[in-house]
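# Chain and residue survey
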Amino acid sequence: MPQLIAGNWKMHGLTADTVALAKAVAAGSAGIAADLLVCPTALHLAAVAAAVSGSRVAVGGQDCHQDKQGPHTGDISAEMLRDAGAGWVILGHSERRQNHGEIDELVREKTLAAIAAGLTPIVCVGETADQRASGQETEIVGWQIAGSLPKPFPGVVAYEPVWAIGTGNSATAEDVAMMHDFIREELVRQFGADGHAIRILYGGSVRASNAAELLALANVGGALVGGASLKADEFLAIARAATP
Ligand code: PEP
């Protein structure tokens, strides 16, 4: 399976900026072997989907509500994301877990809603700096996988150590290799043979300069890219570093 290079655009850009970025990514995507995905805000999803239409670039949301519909002011359902052109959705990002109090059980419900709507979920897991300092990184990530992923799980896991997100300090290749090997073991333990086929992305300060080293590691199935995905050239350079 090709590696997946996904851009999380977070809360950046107005319509014209996101459409221009989407067009630039689409224009540079020909000949790239990796699967490409960009995740704008829900507000910009339809415009971005139109901008990349006909290219190899897929579009995803950054969150969805767990219910199909209802009295949830300000929320967006998985079906609405799909209707706007999304094929994917990022769930349980640490910024949602931290800023919106999302716990594993809620992430699991959102993941089920995404699957039911025909979206492919990318479920994020990862330890904080304090948890790593106290040697709990595998325990925390194992619990997050057990609590956030429904069975079966037709989706992707993103390992994103919280301390590496947006800091410019990626985890070392040694740490990434160790954690991805652990996550693979855990997926196989929890999902049986299906666990071998689940792509595991690394996220946390991936740049064009460190992408090749990280993407070459066993059990790294791609990258979830925040800051560097806001520059088309850098995002495409990361995608070109993906292994076939
Ligand atoms: C992210 O927030 O998913 C992320 C990986 O951000 P950054 O690449 O900026 O660290």
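What comes next is a walk through the structure. Everything quoted here is computed from the prediction, not taken from an experiment.

## Focus: the packing of helix H1 (residues 15-27) against helix H2 (residues 45-52)
Two elements in contact, H1 and H2, have axes separated by 8 Å at closest approach and are oriented at 30°. Relative to H2, the element H1 is oriented roughly parallel. Judged by the sense of rotation from one axis to the other, the crossing of H1 with H2 is right-handed. In this structure, H1 uses Thr 15, Thr 18, Val 19, Ala 22, Lys 23 and Ala 26 to contact H2, whose residues at the interface are Ala 47, Val 48, Ala 51 and Val 52. Broken down by class, the residue content of the contact of H1 with H2 amounts to seven nonpolar, two polar and one charged.

## Some words on the pattern of salt bridges
Counted according to the given criterion, the structure contains eleven salt bridges. In this structure, Glu 102 and Arg 96 form a salt bridge, with 3.0 Å as the shortest nitrogen-oxygen distance. Across the salt bridge formed by Lys 110 and Glu 102, the nearest N and O atoms sit 2.7 Å from each other. Of the residues examined, Glu 102 reaches a relative accessible area of 6% and is grouped as buried. A cluster of three or more residues bridged by salt bridges with shared partners is formed by Asp 63, Arg 96, Glu 102 and Lys 110.

## Here's the deal with helix H7 (residues 137-148)
Spanning twelve residues, H7 covers 16 Å between terminal C-alpha atoms, matching the ideal 16 Å at 1.5 Å per step. What H7 keeps buried is the set Glu 137, Ile 140, Val 141, Gly 142, Gln 144, Ile 145, Gly 147 and Ser 148. Those residues of H7 hidden inside the fold are in contact with helix H4 (94-99), helix H5 (104-116), strand S5 (120-125), helix H6 (129-133), strand S6 (156-159) and helix H8 (173-191).

## Section: the layout of surface pockets
Considering only enclosed or pocket space, the largest pocket measures out at about 580 Å³ in volume. Lining the largest pocket are 20 residues, and of these Met 11, Gln 62, Asp 63, Arg 96 and His 100 sit closest to its centre. If one sorts the elements of the lining of the largest pocket by residue count, H4 sits on top with three residues. Taken together, the residues of the lining of the largest pocket break down into seven nonpolar, eight polar and five charged. Of the voids in this model, the second largest pocket is the one considered here, and its volume is about 190 Å³. When the residues that make up the lining of the second largest pocket are grouped by side-chain class, the tally is six nonpolar, nine polar and three charged.

## Quick notes on the site of the ligand
Taken together, 14 residues lie near the ligand, and Lys 10, His 93, Glu 160, Gly 166 and Ser 205 sit nearest. Within the backbone of Ser 205, one N or O atom sits 2.7 Å away from an oxygen atom of the ligand. Within the backbone of Gly 227, an N or O atom sits 2.8 Å from an oxygen atom of the ligand. Across the complex, the protein chains shield 98% of the 290 Å² of accessible surface that the ligand would expose by itself. When atom positions are compared with the pocket grids, the ligand is found to occupy the second largest pocket. In terms of residue class, the shell around the ligand is made up of four nonpolar, eight polar and two charged.

## Concerning the side chain of Asp 63
Turning to its location among the elements, Asp 63 is positioned in the loop between strand S3 (57-61) and helix H3 (78-83). Taking relative accessible area as the criterion, Asp 63 reaches 18% and is therefore assigned buried.

Procedures and definitions
- Residues numbered from 1 in each chain as written.
- Predicted model: local features only at pLDDT ≥ 70, side-chain atom pairs only at ≥ 80, totals over all residues.
- Heavy atoms only, no water.
- Axes fitted to C-alpha atoms, helices over the stretch in contact; angles between N-to-C directions.
- Helix = DSSP H or I, 4+ residues; strand = E, 2+ residues; numbered from the N terminus.
- Parallel < 35°, antiparallel > 145°, perpendicular 65-115°, else oblique.
- Left-handed = near helix turned anticlockwise from the far one by under 90°.
- Contact = heavy atoms within 4.5 Å.
- Nonpolar A, V, L, I, M, F, W, Y, C, P; charged D, E, K, R; others polar.
- Salt bridge = Lys/Arg side-chain N within 4 Å of Asp/Glu carboxyl O.
- Buried < 20%, exposed > 50% of the residue type's maximum accessible area, 1.4 Å probe, protein only.
- Expected span 1.5 Å × (residues − 1).
- 1 Å grid on protein atoms, 1.4 Å probe; cavity = no way out; pocket = protein on both sides within 12 Å on 5 of 7 lines; lining within 4 Å.
- Points joined across faces, edges and corners; volume = space filled by probe spheres on them.
- Near = heavy atom within 4 Å.
- Polar contact = N/O pair within 3.5 Å; in protein donor to acceptor, adjacent residues only side chain to side chain.
- Areas by Shrake-Rupley, 256 points an atom, 1.4 Å probe, with all protein chains shown as cover.
- Sits in = over half its atoms within 2 Å of the grid points.

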